[in-house]
Amino acid sequence: MTPQSDEDEVWRQIVASFNETAEDASAEQPWPDRENITEETVAGGTGDSAPGDGTRDVEETGEQQPAAPVGDDEDHYIPPPPPPLPPGDALSRISWLALFGGPAYLLLAALLHWPMDGWIVFAAVSAFIAGFVILVVRMGDGPPADSGWDDGAVV
């Protein structure tokens, strides 16, 4: 038999058994005893796992069973706290405040029906635009100062 005809036969068997129920399939193949899970197995008392492992053999069962209590974080990675943000300078703080403060004031004034004169609207929109422009200009588009003379492959 060629490998192609073996594959065809396997596919025919799969298609023929498509509409079978689980009871029909279990009558042909008995459930292995090592797959039966009891409360003792879940608690880790059967010896199917290595000491302190917390799992049964994954190759044998294809699944993991937790044996450790839920509150036990001994084997889990806990990342270190992130470093604090840099303090920033006064100009960048004022720019961020203008970027968000201008539209926030206009939204709040519209929701609370505050009277808005023309100069107030102009000031809020100007603050937004100025904050945006200052942040973009200060961002810079050049390479970092410590990159050296060779900046790698340039496409």
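Please read these numbers as outputs of a predicted model, since none were measured by experiment.

Participant: Give a description of the overall build of the chain that names residues and reports values.
Facilitator: Along its length, the chain carries six helices and zero strands. The burial tally for the chain puts 10% of its 155 residues in the buried class. Of all intrachain contacts in the chain linking residues separated by at least 6 positions in sequence, the fraction that spans at least 24 positions is 44%. For the chain, the accessible area works out to roughly 13400 Å², and carbon and sulfur atoms hold 64% of it.

Participant: Can you break down the packing of helix α5 (residues 90-111) against helix α6 (residues 118-139) residue by residue, with the values?
Facilitator: α6 packs onto α5 with a crossing angle of 145° between their chain directions and a minimal axis gap of 7 Å. Judged by the twist between their axes, the crossing of α5 over α6 is left-handed. Two secondary-structure elements touch here, α5 through Leu91, Ser92, Ser95, Trp96, Ala98, Leu99, Gly102, Pro103, Tyr105 and Leu106 and α6 through Ile120, Val121, Ala124, Val125, Ala127, Phe128, Gly131, Phe132, Ile134, Leu135 and Arg138. Partitioned by chemical class, the residues of the contact of α5 with α6 number 16 nonpolar, four polar and one charged.

Participant: Explain the environment of Ala124 to me, and be specific about the residues and the numbers.
Facilitator: With respect to the secondary-structure elements, Ala124 resides in helix α6. We classify Ala124 as buried; its relative accessible area is 7%. Expressed as a C-alpha distance, the spacing of Ala124 and Leu106, which sit 18 residues apart in the sequence, is 7.0 Å. Those residues in contact with Ala124, other than ones at most four positions away along the chain, are Gly102 and Leu106.

Participant: Explain the confidence of the model for the chain to me, and be specific about the residues and the numbers.
Facilitator: On average, the chain scores 77 in pLDDT, and the residues at 70 or more come to 68%. In the predicted structure, residues 46-58 sits below a pLDDT of 50 and forms 24 contacts with residues beyond four places in sequence or in another chain.

Participant: Tell me about α6, residues and numbers included.
Facilitator: Given a rise of 1.5 Å per residue, 22 residues ought to cover 32 Å, and the 32 Å separating the end C-alpha atoms of α6 matches this to within 8%. Buried within α6 we find Ile120, Ala124, Gly131 and Leu135. The buried residues of α6 occupy one face: seen down the axis, they fall within an arc of 45°. Facing away from the buried surface of α6 by more than 90 degrees, the exposed residues are Gly118, Trp119, Phe122 and Val137. In this fold, the buried residues of α6 make contact with α5. Gly140, located one to two residues past α6, shows a positive phi value of around 75°.

Participant: Before we move on, can you summarise α5 with the specific residues and values?
Facilitator: An α-helical turn contains 3.6 residues, so any two residues separated by three or four positions project in the same direction. Counted at 1.5 Å a residue, the expected span for α5 with its 22 residues is 32 Å, and the 31 Å between its end C-alpha atoms agrees. By the largest-angle criterion, Gly101 marks the main kink of α5, which is about 30°, and a proline, Pro103, follows within four residues. Among all positions of α5, only Ser92, Ser95, Leu99, Gly102 and Ala109 are buried. Buried-residue contacts for α5 involve α6. Where α5 terminates, the next one or two residues include His113, which has phi positive at roughly 55°.

Participant: So what's going on with the pattern of salt bridges? Residues and values would help.
Facilitator: Using the criterion set out here, one finds two salt bridges in the structure. Residues Arg12 and Glu9 are paired through a salt bridge, measuring 3.3 Å at the closest nitrogen-oxygen approach. Highlighted residues: Arg12 and Glu9, both in helix α1 (residues 3-16), separated by three residues, approximately one helical turn. With relative accessibility at 54%, the residue Arg12 sits in the exposed group. Close ionic contact of Arg138 with Asp89 constitutes a salt bridge, the shortest N to O distance being 2.7 Å. One end of the pair, Arg138, is in helix α6; the other, Asp89, is in the loop between α4 (58-61) and α5, with 49 residues separating them in the sequence. Under the relative-accessibility criterion, Asp89 is labelled partly exposed at 32%.

Cut-offs used in this document
- Residues numbered from 1 in each chain as written.
- Predicted model: local features only at pLDDT ≥ 70, side-chain atom pairs only at ≥ 80, totals over all residues.
- Heavy atoms only, no water.
- Helix = DSSP H or I, 4+ residues; strand = E, 2+ residues; numbered from the N terminus.
- Buried < 20%, exposed > 50% of the residue type's maximum accessible area, 1.4 Å probe, protein only.
- Contact = heavy atoms within 4.5 Å.
- Areas by Shrake-Rupley, 256 points an atom, 1.4 Å probe, with all protein chains shown as cover.
- Axes fitted to C-alpha atoms, helices over the stretch in contact; angles between N-to-C directions.
- Left-handed = near helix turned anticlockwise from the far one by under 90°.
- Nonpolar A, V, L, I, M, F, W, Y, C, P; charged D, E, K, R; others polar.
- pLDDT = per-residue confidence, 0-100.
- Expected span 1.5 Å × (residues − 1).
- Arc of directions from axis to C-beta.
- Bend = angle between axes of the 7 residues up to and from the residue.
- Salt bridge = Lys/Arg side-chain N within 4 Å of Asp/Glu carboxyl O.

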